[in-house]
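Secondary and tertiary structure notes
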Amino acid sequence: MMPPEEESPAGHGERGSTRKGCDPFAQTQRSKLQHRRARINQQINKEMRMRAGAENLFRATSNHKVKETVALELSYVNSNLQLLKEELEELNSSMDVYQNDRFLSHSSESISVPMIPLGLKETKELDLLVPLKDFINEHYGEEGVLFEKEIKEFMELRQAMRTPSRNEAGLELLMEYYNQLYFLDSRFFPPTKTLGVFFHWYDSLTGVPSHQRALAFEKGSVLFNLGALHTQIGARQDRASLPGLNQAIDAFQKAAGAFNYLKENFSNAPSLDMSMASLTMLVRLMVAQVQECVFEKMTLLRAQNDFLARLQLAQEAARVEDVYSLVHQTMSQPHVKDYVPFSWTTMVQVKSEHFKALSHYFAAIALCDCPAPSDAELLEQEKAFLQFHVTMPEGPSLRVLLQDPEERRKLGKAHLRKAIMKHEEAMRIHSLCKILRKMDILQEVLSFTHKRSLSKYSEIDHEEDFFETGEAPDIHPKTHQKPEIKSPNFSQVKVTDLFHRLGPLSVFSAKNKWYPARRVHLMRGENGFGFTLRGDSPVLIAGVIPGGCAAEAGLKEGDYIISVNGKDCRWSKHAEVVQLLKSTGKEGVDIGVITLQGSECPKAVDRKGAVMSSGSGMLKSNKENSRKSLMNSKSASTLLVWSKRSKRSKKSTYSGVPFTSVGDNEAME
């Protein structure tokens, strides 16, 4: 993936520093929830530190009485941790806070089942002022105090992204910070050493704190919050309207994309919420919620009294049941089962049973409420019904079944019987979870659909029915809109490198080292200054004529020009530097140059992309522009220089292994 495009200093300040997060003191339901999450996270952190100290003392002491006292203290701490875990689980189960308020005013028939959103990961404040100033002094040879404004602007951006608003502006804020991390990484994180700061983040579901020096941990946590914010935006949409449904589908697809991108591009997560198993579960959960929205969209778009439309609704509902069954299986796996809130697992299981019931209900409605087909309609209905059931129902031939109202009623009755059984199973599972029992919206939906099926069954059940209702075959799942996993499009938020004054990243980066800057005074000779130039930002000395003025002054091939007569030329174009040199008089010119370590040999100078400058004998190439043109040929969604996940062991390890992005440029030791 390609890095964010580097801009010249002229464009700086237009975006980035103007974005703000939510008011942390605003008393909205969601902010209160997030404040409670932060408080619980801090308490968990305190209790875990107390437990670690008590465990160390228990192992170290040989005094029996001390051991008894410490064991009692450990029991107390573990009890507190369990209570905090339960409180956090209840917080993570507060789905109604994130739902749209209009749900409460709709009729029972149009109420949507609540979606599962994620809370944002919390992080501690981070003071980068001293570490970045020291690095600028040591590595770049500049006065760190001169960059205090840029450092504070970056810290303000980080503070703002901790409380993003639940809309497009909040998403852009997270994207902007994520893109700025690319520049921070390139400027201040050399491959051989760390900056010496720790990034602290709390697990989204357990509240357990983790910290690492690896910037990849910061990037991964921001990506997680990007996905979590998409889930909150999806959950708040009014899904009783078509625009609201389309927005919810888009939000959940983007949430799935963020979690999937995190899973494919990062490894060795120190917290469980970013482990391979958890991210796989989250991707599948988001896909299932997209599929549920697609079903709701079908109910709005399709004519309810049409036979084929009702068959399609039944198959769409069967597809929703299918994907929620997969999510439930994923949540029941050993590495996920004890981690995911019980209310989530129960909700997913309830939805699986609920939509299976709906699939059989719509099948019954299609058979019982729609008239027998005409000769013109028969062929089309027969073709659709052939692919409707997993196994063909017992009884007469398909043609007879479709044309005989009594046979249609019998099969419809079997489907309704199965629908009622599944409704009752959904209600039974729902009753097992204390948190879900408090969710009035869900209770209302389950009760309404159950009564609706019972009412229809009573309507078609005749007293003179002496036949035994058969077993209705399962319905073949089918969807007309397959969910799409939309990866984050980082390029949609343009950012300017806050530390652009240090110079172009192609040269002035953390991975490069150079000798101290030299100032050289040149006098123009009969044949000019005795060197040729190439490239832009910064301009490179491509060749030095032996015996010429430049050679005598100590200039070498591969030197970069950083100033001419005191004017900073790090960002100057080729033509601008040539013009500055041409405008010098008899007094000569002062040129500031640097030499990259390891580039003293002419062979080490990159000659790719060199072209002849029109009208002059100087070679011209633009490293930065050639990199930008390469960006334009790539997909707009690829923004960071990371390769895809390499083949490695399926077993994840967490202890002592730094969280990393899978790519040569991202490994942090």
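For the structure itself, consult the block above.
I will try to describe carefully the structure that is included in this document. Nothing here was measured: the structure is a model prediction, and the numbers come from that model.

Helices and strands together make up the secondary structure of the protein, namely 19 helices and 12 strands. Out of the 669 residues belonging to the protein, those deemed buried represent 52%. Across the protein, the fraction of contacts at a sequence separation of at least 24, relative to all contacts at a separation of at least 6, is 79%. Of the roughly 31000 Å² that the protein leaves accessible, carbon and sulfur atoms contribute 52%.

Core analysis: the largest hydrophobic core is formed by 136 residues, its most contacted members being Phe188 and Phe385. When residues in this core are grouped by element, the largest group, 13 residues, is from helix H11 (residues 342–369). Judged by nonpolar contacts, the second largest core, of 18 residues, contains Val520, Phe531, Val564 and Val577.

Moving on, we come to the packing of helix H9 (residues 307–331) against H11. At a minimum axis distance of 8 Å, the contact between H9 and H11 shows a crossing angle of 160°. Taken together, the axes of H9 and H11 lie roughly antiparallel to each other. Helix-helix and strand crossings are classified by hand; for H9 and H11 the assignment is left-handed. The class makeup of the residues in the contact of H9 with H11 is 19 nonpolar, six polar and five charged.

Now for a nonpolar patch on the surface. Residues Leu242, Leu300 and Leu301 make up a contiguous nonpolar surface patch of roughly 250 Å² in combined accessible area. When you line up the elements, Leu300 lands in helix H8 (residues 276–301).

The next point concerns the pairing of strand S2 (residues 209–212). On S2, burial follows the alternation: Ser210 and Gln212 on one face are buried, whereas Pro209 and His211 on the facing-out side are not. Summarising the sheet, strand S1 (residues 199–202) and S2 pair through four bridges and their orientation is antiparallel. When the sheet's bridge partners are listed, Phe199 is paired in S2 with Gln212. Turn length for the S1-S2 hairpin, with the two strands adjacent in sequence and antiparallel, is six residues, and the turn residue Gly207 shows positive phi of about 80°.

Take the environment of Glu321 next. Along the chain, Glu321 turns up in helix H9. Among the residues examined, Glu321 registers a relative accessible area of 15% and is labelled buried. When the C-alpha positions of Glu321 and Val348 are compared, they lie 9.5 Å apart, and in sequence the two are 27 residues distant.

A separate point is the packing of H8 against H11. Put simply, H8 and H11 touch, their axes get as near as 13 Å, and they point 30° apart. What the angle tells us is that H8 and H11 run roughly parallel. Read as a crossing pair, H8 and H11 show a hand that is left-handed. Between H8 and H11, the contacting residues are Leu282, Leu285, Glu292 and Phe295 on the first element and Trp344, Val348, Lys351, Phe355, Leu358 and Phe362 on the second.

Rules used throughout
- Residues numbered from 1 in each chain as written.
- Predicted model: local features only at pLDDT ≥ 70, side-chain atom pairs only at ≥ 80, totals over all residues.
- Heavy atoms only, no water.
- Helix = DSSP H or I, 4+ residues; strand = E, 2+ residues; numbered from the N terminus.
- Buried < 20%, exposed > 50% of the residue type's maximum accessible area, 1.4 Å probe, protein only.
- Contact = heavy atoms within 4.5 Å.
- Areas by Shrake-Rupley, 256 points an atom, 1.4 Å probe, with all protein chains shown as cover.
- Core = buried A, V, L, I, M, F, W, Y, C linked by side-chain atoms within 4.5 Å.
- Axes fitted to C-alpha atoms, helices over the stretch in contact; angles between N-to-C directions.
- Parallel < 35°, antiparallel > 145°, perpendicular 65-115°, else oblique.
- Left-handed = near helix turned anticlockwise from the far one by under 90°.
- Nonpolar A, V, L, I, M, F, W, Y, C, P; charged D, E, K, R; others polar.
- Patch = residues over 30% accessible without salt bridge, like charges linked within 9 Å, V, L, I, M, F, W, Y side chains within 5 Å.
- Salt bridge = Lys/Arg side-chain N within 4 Å of Asp/Glu carboxyl O.
- Pairing = 2+ DSSP bridges.

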